[in-house]
Amino acid sequence: MVVLTKGELEQITLPAVQRAAPPLAFVPEVDLSAAAASVAARSAAARAVAKACEDHGFFKVTGHGVPAPLLARLEAAAAAFFALPQRDKDKAAAAAVGGSPPFGYASKRIGGNGDLGWVEYLLLGVTPAGAAAAPSALSAAPVSSASEGAAPSCCFRDVLDEYIAAVRRMTCTVLELMAQGLGLDDDTAVFSRLVLDRDSDSMLRVNHYPPRPETAAAAGEPAEVRRPRLTGFGEHTDPQIISVLRSNDTAGLEISLRDGSWVSVPSDTQSFFVNVGDALQVLTNGRFRSVRHRVMVSSGRPRVSVIFFGGPPPRERLAPLPGLVDREGGRRRYREFTWREYKTSAYRTKLADNRLCYFETTTAAAAATS
Ligand SMILES: C=C1C[C@]23C[C@@]1(O)CC[C@H]2[C@@]12CC[C@H](O)[C@@](C)(C(=O)O1)[C@H]2[C@@H]3C(=O)O
Ligand SMILES: O=C(O)CCC(=O)C(=O)O
Ligand SMILES: [Fe+2]
């Protein structure tokens, strides 16, 4: 059980004074089933994806083909896992493959550098075969399907493995549309091959944000005091190439727009949300922007989200794609580095830090500060 100090608790509750973010008026959307219908539909979808990645680094995917019963089973399995007694969840952490952070179960502590959030989570490496390198204790968390009534019960780990295979396939379709939208028609697998590589450093995260707790404030106090907004997951960009998120019907995800304002993303259980990650910002020479996002907890209902992070193999050298650099008159915004190097550097940072600035070329860094 994690017991926080008073100061640590304040760190989570501090944003209570902030006003709730307004909803994102227009969530860019791509329907993958429509995109598959014809060459013209595919190129229209590719253009829409590229525009969303340039404008927001964020969009919604519908028509994705991930079966609804699988999503329902995953949601039920995750809820059943987080409802386990604390000692069983802690045991799962201790049993994590390799036993080493960041993988396994944790509560309130995010990463190793003092970040806190109103969240508990499972973080799993995804093995080359597509299966979760999951804590073995997950096998002992039986769940029956919420949607299929009499369907056989099955363990969390099996549902996770099935989900990972499906979400990885869909992620690669999205990455191919991104490449096409950038005009990289000669090599539309330029991003997807990194996530499909047998050594791809991809991960799965299952987050559970418990309902915001009641406060003892007097009835006459303003709503923000009676129902403080808590930081579920502080603002950050994701370091990988792409993150593909699905949540239950409790909202909480917020993204930062280009002007720095925050907007909330209405939940949609039928869809997936895609974030551009730092590595894709580098590969596209800054044309696609990694989106700054966070989760705020202001609901009396729990939020459960599952995020697939598509990462390259550790040895992969990342640098702006030459074709995209040429289009900017040869200006290369980032130096070459390996994914291992980037990840090591990222894991030394706090959640809210800018992790890309250490990899900018001097010209880009100089332009940004002038
Ligand atoms: C504070 C941190 C948590 C994090 C590693 C880091 O040092 C900075 C990046 C964080 C992040 C954000 C996206 C993913 O949720 C994550 C798994 C990742 O790869 O980078 C987390 C890391 C984590 O929770 O360990
Ligand atoms: O839980 C969510 O909805 C988003 C969490 C997130 O951004 C992350 O795990 O990197
Ligand atoms: Fe994230």
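Residues numbered from 1 in each chain as written. Chains lettered and ligands numbered in written order. Predicted model: local features only at pLDDT ≥ 70, side-chain atom pairs only at ≥ 80, totals over all residues.

Novice: Could you give an account of the overall build of the chain, naming the residues involved and the relevant values?
Specialist: The helix and strand tally for the chain stands at 12 helices and 17 strands. Taken across its 370 residues, the chain has 41% of its residues classed as buried. (Helix = DSSP H or I, 4+ residues; strand = E, 2+ residues; numbered from the N terminus. Buried ≥ 20, exposed ≤ 12 C-beta atoms within 10 Å, placed from the backbone.)

Novice: Go over unusual backbone geometry, please, and point to the residues and values.
Specialist: If you check the backbone angles, Lys108 has positive phi at about 70° while not being a glycine. As for its position among the elements, Lys108 is in strand 3 (residues 104–110). For Asn285, which is not a glycine, the phi torsion comes out positive at approximately 55°. Along the chain, Asn285 falls in the loop between helix 9 (278–283) and strand 14 (293–297).

Novice: Could you give an account of the site of ligand 1, with specific residues and numbers?
Specialist: Lining the immediate surroundings of ligand 1 are 17 residues, of which Pro102, Gly111, Asp238, Tyr347 and Leu351 lie closest. Elements represented by at least two residues in the shell around ligand 1 include exactly strand 4 (115–126) and strand 8 (203–209). (Near = placed C-beta within 6 Å.)

Novice: With reference to specific residues and values, describe the packing of helix 3 (residues 39–55) against helix 6 (residues 156–181).
Specialist: Across the interface, helix 3 lies against helix 6 with an axial gap of 7 Å and an inter-helix angle of 85°. Here helix 3 lies roughly perpendicular to helix 6, going by the angle between them. In contact with Ser43, Ala45, Ala46, Arg47, Val49, Ala50 and Cys53 of helix 3, helix 6 contributes Leu177, Met178, Gln180 and Gly181. Per-class residue counts for the contact of helix 3 with helix 6 are seven nonpolar, three polar and one charged. (Axes fitted to C-alpha atoms, helices over the stretch in contact; angles between N-to-C directions. Parallel < 35°, antiparallel > 145°, perpendicular 65-115°, else oblique. Contact = placed C-beta atoms within 7 Å. Nonpolar A, V, L, I, M, F, W, Y, C, P; charged D, E, K, R; others polar.)

Novice: Please give an account of the site of ligand 2 that cites residues and values.
Specialist: In the neighbourhood of ligand 2, the contacting residues comprise Arg205, Asn207, Phe233, Asp238, Leu245, Ser247, Leu253, His293, Val295, Ser305 and Ile307. For the shell around ligand 2, the secondary structure elements donating two or more residues are strand 8, strand 10 (242–247), strand 14 and strand 15 (303–310). For the shell around ligand 2, the per-class residue count stands at five nonpolar, four polar and two charged.

Novice: Pulling in residues and values, what's your account of the sheet that holds strand 14?
Specialist: Taken together, four strands build an open sheet; the order of strands is 9-14-11-12 and the sheet is antiparallel. Each edge of the open sheet is held by one strand with a lone partner, namely strand 9 (230–236) and strand 12 (262–264). When strand polarity is set aside, the average angle formed by the axes of neighbouring strands in this sheet is 25°. The sheet contact formed by strand 9 and strand 14 spans four bridges and is antiparallel. Bridging across to strand 14, Phe233 finds its partner in Val295. (Pairing = 2+ DSSP bridges.)

Novice: Tell me what's going on with the packing of helix 4 (residues 68–82) against helix 6, and back it up with residues and numbers.
Specialist: Taken N-terminus to C-terminus, the directions of helix 4 and helix 6 make an angle of 140°; their axes are 10 Å apart at the nearest point. On the basis of the axis angle, helix 4 is oblique to helix 6. When the axes of helix 4 and helix 6 are compared, the crossing they make is left-handed. Taken together, the residues of helix 6 that come into contact with helix 4 (itself represented by Leu70, Arg73, Leu74, Ala77 and Phe81) are Phe156, Val159, Glu162, Tyr163 and Ala166. Grouping the constituent residues of the contact of helix 4 with helix 6 by class yields eight nonpolar, no polar and two charged. (Left-handed = near helix turned anticlockwise from the far one by under 90°.)

Novice: With reference to specific residues and values, describe the environment of Leu184.
Specialist: Within the secondary structure, Leu184 is located in the loop between helix 6 and helix 7 (192–196). The spatial distance from the C-alpha of Leu184 to the C-alpha of Arg301 is 44 Å, given a sequence separation of 117 residues. If we ignore the near neighbours within four places in the chain, the residues touching Leu184 are Ala179, Val190 and Gly323.

Novice: Quick rundown of helix 3? Include the residues and the values.
Specialist: For helix 3, with 17 residues, the first-to-last C-alpha span of 24 Å sits near the 24 Å given by 1.5 Å per residue. Residues of helix 3 that are buried include every one of Ala45, Ala46, Val49, Ala50, Ala52 and Cys53, and no others. Projected down its long axis, helix 3 shows its buried positions confined to an angular sector of 160°, all on one face. Contacts made by the buried residues of helix 3 are with strand 1 (29–31), helix 2 (32–35), strand 2 (58–62), helix 6 and strand 13 (272–276). The positive-phi residue at the C-terminal boundary of helix 3 is Gly57, with phi of around 70°. (Expected span 1.5 Å × (residues − 1). Arc of directions from axis to C-beta.)

Limitation: the analysis is restricted to geometry and does not speak to function.
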